[in-house]
Structures are given as C-alpha cells and as structure tokens.
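Listed below are the residues making up each chain.
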Amino acid sequence: MPAIPHDSRVDVEALIVDRYLDALLAGAGEPGAASRDHNNTVDPIIREAADVLRRSLVRVHPSFHFEERLAARLSAMASGHADASRPGAVVPFHPLRRGSLDDGNPGASPIADALAAAPREMTGARRSPAVRPLLIGGAITSAALSLAGVAWVARRAVRPTLAELEGML
Amino acid sequence: MPRPVFGRLTRPTGDSPGGQRPTPGGVVALDRDRPLVEAARRDPARFEALYRKYVAQVYAFALYELADHHAAEDVTERIFTRALVALPRFRELADPEDGPQASTFRVWLFRIARNVIANERRARRRRPVTSLDAALGAGLTIADSTDVEAAAVIREEAAAAVRALQDLPDDRRRALELRFVDEMSTSEIAAVLDRSEGAVRVLIHRALGDIARALGRPRSRR
C-alpha cells in the first residue's frame, strides 16, 4: 500500500480536527459528547488543547457604558450629524443614572449584584458544552441563563431608546 | 423551506470594505443578516441592530488581539464608525457551503476589524498582556467565588492558555481567536483572513499543536 504523502496526511488530520471543533463549539449534547464521538480520530493532545481553549477563551463583553456611548455616537452619525464622525467630537448621550450596571458601586444595582454573584454552574467544570461563558463588565454570566438579557431589558426599561435620544437632539 | 437564490458573487479579494465586485453566474445562499443590512441601507439609524448584534464579538476579538481594554474600546469604535460609513458599498457575498448560519456581513465587518486592529498593533510599541490576564482572572474569580480552589485552577489554566495564545504567530493567533472566541466557521475565517479553507484548517491544527506544547502537553506521534 503506497504511503500517504505528508501534506495529504496533514490536510486529513486538519480536516478531522476541524470536524471535532465544529462539534465541540456547537455544544450539542451533554459534556464530553464531542470527545466521545471523535475518540479514535483526533490526537488526544490536540483534543485536550482545544478543550482548554474552549473553557478559557471567554467572550468578553464591553461595558454597558461604552456600548451605549458608541450607540449614541453611531445614532448621531446616522442622523446626519456629520461632525459626530470627527475624532474627538462630542455627541450628546443620555447620562448614566444611579443604579446602572457599570457605575461600579456595590449594591447600587440588584442586577449588577446578581451578575457578580453568578452561580458556579455558569462557569464551572460541569458546565454544559452549550453554555459559553461571557464576561460583562468584570462579571461572568452565560447565554443560557440570559442574565445579560435580563440586565439589558431592565436597563432599557429605565433609559430612553435611540429614537427618543434622536428626538432630544 | 427553500432558501432564496441570488446571483453568485465573488469571494472578497481586497482589503477595502467596499472593494468587492459581483460576477455573474451560479447561486449563493442567503446572508442571514440580509434583512438587517437592507433596513440599515434604507435608514442608517437602523444600523443599531447590526451594531448590537456584533459589538461584543468585535470587542472581544479586539481585546484578545490588543490585550488592552482601552485600546479594544477605541478600535471597536473605529470599526463600527467605518462600517456605518462604508455600508452603502457593502456587497453581499456567500457560498452555499457556508451553511445557513453564514453571514457575509459578519465576514465583511471582521475584515474591517482585522485591518483596523492590524494598524493599531503596528502603531503600538508594546503589548500589555497583563491587562487581559487581569480582566479574565477577575471575571473568573467573581464567577466562582464559592469554590476558591476550583476558581484558582480555572484561573491558572485560563491565564496559561491566554499566554500561549499571545505567543503564537499572528495568523495562528487570529485564526484561533476567530474560531474559539467568535465561533466562526472555517469558511468565514478563510474569508476574513484571505486564506483558503484548507489553509485555515492547517493553520488551526498547527496552532493547537503549539498551544499543547506551551501548556506542557507535547503532541504525540501518530
């Protein structure tokens, strides 16, 4: 049987690893499902490195303060305020109110406190593969529990929309 | 439900956000962001939906690339303002094999991000890696404060992984960030990095080998 050329072998290994990563990152099934499905095909060392990266490379969310400030600036640009696109230009945005998530005062916001006290199953070793950790303003939460969504809804409930902001301009 | 069919467009070839041109023939799958993009084209104020959808992904990519919170915010702002200005020149590009979740707007946005971040990296004389370590470490500590020992292990592993990532060559590091942090498909990464899909697969395979070695797990010979 002729030997497989090195380049072809590398391509095949890379393709197998790619399929493994698809399964790992899709998070289908219970923990370890991706590993079991590819037990005999993926180099265990590569598999372990991929598992470590999946646990460690959390998606880091910008602060709500920054997100809202940039949203206001983009809104001003979209509304035809050409000056808003100039570096260093000051655009109006609604000031933060007490109790917002990122004003850094413990106890100021129940939601911020809830985020800070996120239960261990959100990031612990028993986390389901489908749950990706998410870092928001220094606290980790997860898409599965949608605390970020709760926080966002609560925030929008006490803050004007962009349309309202435009009306203020 | 059958997917709409549109005229085939070429893959992105240039770095200019609006530099792509369609070519006739063939079919492509629908960009999942098409409704949002069309709405933003009709009314630029509707760009907010695209911004909300992708701001965390872009910011995370910038943070891992620059390892500095303030620099990441700065480039995120530049990326989205540039995207808003260039949106009228955006051309939808997709291949059927990209799958139903493919978004050529996301690829286009990340190509802008790649260029802006590359310029920023060139302009910066130093890379304060500790900022990213500290940010991730702080978050993990808060999240698992009930189990100090487990939190320490997780934090140590994450710090080692981030250090290993930062030591990779640029192309391997970017490929891993896009794959693991932004959960892009190989085809999307290929479009963002201007590589073939095969090249990206090999890039990621080799990068994982580098990570394994850096974490003290030398690759076995198979």
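Residues numbered from 1 in each chain as written. Chains lettered and ligands numbered in written order. Predicted model: local features only at pLDDT ≥ 70, side-chain atom pairs only at ≥ 80, totals over all residues.

Here the focus is the packing of helix 2 (residues 47–66) of chain B against helix 3 (residues 69–86) of chain B. Residues and elements named next belong to chain B. Where helix 2 contacts helix 3, the two axes come as close as 9 Å, and the packing angle between them is 140 degrees. Overall, the two elements helix 2 and helix 3 adopt an arrangement that is oblique. By crossing handedness, the relation of helix 2 to helix 3 is classed as right-handed. Facing helix 2, whose interface residues are F47, Y51, V55, V58, Y59, A62, L63 and L66, helix 3 presents H69, A71, A72, V75, T76, I79, F80 and L84. Taken together, the residues that form the contact of helix 2 with helix 3 break down as 14 nonpolar, two polar and no charged. (Axes fitted to C-alpha atoms, helices over the stretch in contact; angles between N-to-C directions. Helix = DSSP H or I, 4+ residues; strand = E, 2+ residues; numbered from the N terminus. Parallel < 35°, antiparallel > 145°, perpendicular 65-115°, else oblique. Left-handed = near helix turned anticlockwise from the far one by under 90°. Contact = placed C-beta atoms within 7 Å. Nonpolar A, V, L, I, M, F, W, Y, C, P; charged D, E, K, R; others polar.)

Spanning 20 residues, helix 4 (residues 104–123) of chain B covers 29 Å between terminal C-alpha atoms, matching the ideal 28 Å at 1.5 Å per step. When helix 4 of chain B is considered as a whole, its buried residues turn out to be T104, F105, R106, V107, W108, L109, F110, R111, I112, A113, V116 and I117 of chain B. (Expected span 1.5 Å × (residues − 1). Buried ≥ 20, exposed ≤ 12 C-beta atoms within 10 Å, placed from the backbone.)

So, on to the confidence of the model for chain B. Residues and elements named next belong to chain B. In the predicted model, chain B carries a mean pLDDT of 77, and 68% of its residues have values of at least 70. Mean pLDDT values over the elements of chain B span from 32, in strand 1 (residues 6–9), up to 95, in helix 9 (residues 197–214). Here residues 1–29 is modelled with pLDDT under 50, and outside its nearest four sequence neighbours on either side it reaches 58 contacts, counting other chains as well. A low-confidence stretch, residues 138–142 (pLDDT under 50), is modelled with 17 contacts involving residues beyond four sequence positions or located in other chains. Quick note on the complex model: pTM equals 0.64, ipTM equals 0.73. (pLDDT = per-residue confidence, 0-100.)

Residue and element names in this part refer to chain B. Looking at the secondary structure, you find Q57 in helix 2. Look at Q57 and you get buried, because 20 C-beta atoms sit within 10 Å. Q57 sits 125 residues away from D182 along the chain, and the two C-alpha atoms are 5.8 Å apart.

Now for the nonpolar core. With 80 residues, the main nonpolar core has L53 of chain A together with V58, Y59, A62, L109, A113 and L208 of chain B as its most contacted residues. Ranked by residues supplied to this core, first place goes to helix 2 of chain B with 14 residues. The residues contacting A62 of chain B, other than those within four sequence positions of it, are A72, V75, T76, A113 and I117 of chain B. (Core = buried A, V, L, I, M, F, W, Y, C linked by C-beta atoms within 7 Å.)

All names here are of chain B. Within the secondary structure, H205 sits in helix 9. Taking the C-beta count within 10 Å as the criterion, H205 has 22 such neighbours and is therefore assigned buried. Measuring from C-alpha to C-alpha, the distance between H205 and R172 comes to 9.2 Å, with 33 residues separating the pair along the chain.

Attention shifts here to unusual backbone geometry. All names here are of chain B. With a phi close to 55 degrees, A67 is a non-glycine residue in the positive phi region. For A67, the position within the fold is in the loop between helix 2 and helix 3. A67 sits in the buried class, given 22 other C-beta atoms within 10 Å. The residue E183 is not glycine, and still its phi comes out positive at about 55 degrees.

A word on the confidence of the model for chain A. Residues and elements named next belong to chain A. When pLDDT is averaged across chain A, the result is 63; 36% of the residues are at 70 or more. For chain A, the element scoring lowest by mean pLDDT is helix 5 (residues 110–116), at 39; helix 4 (residues 64–78) scores highest, at 94. Long-range and interchain partners of residues 91–130, a stretch whose pLDDT sits below 50, account for 81 contacts in this model, where long-range means more than four residues apart.

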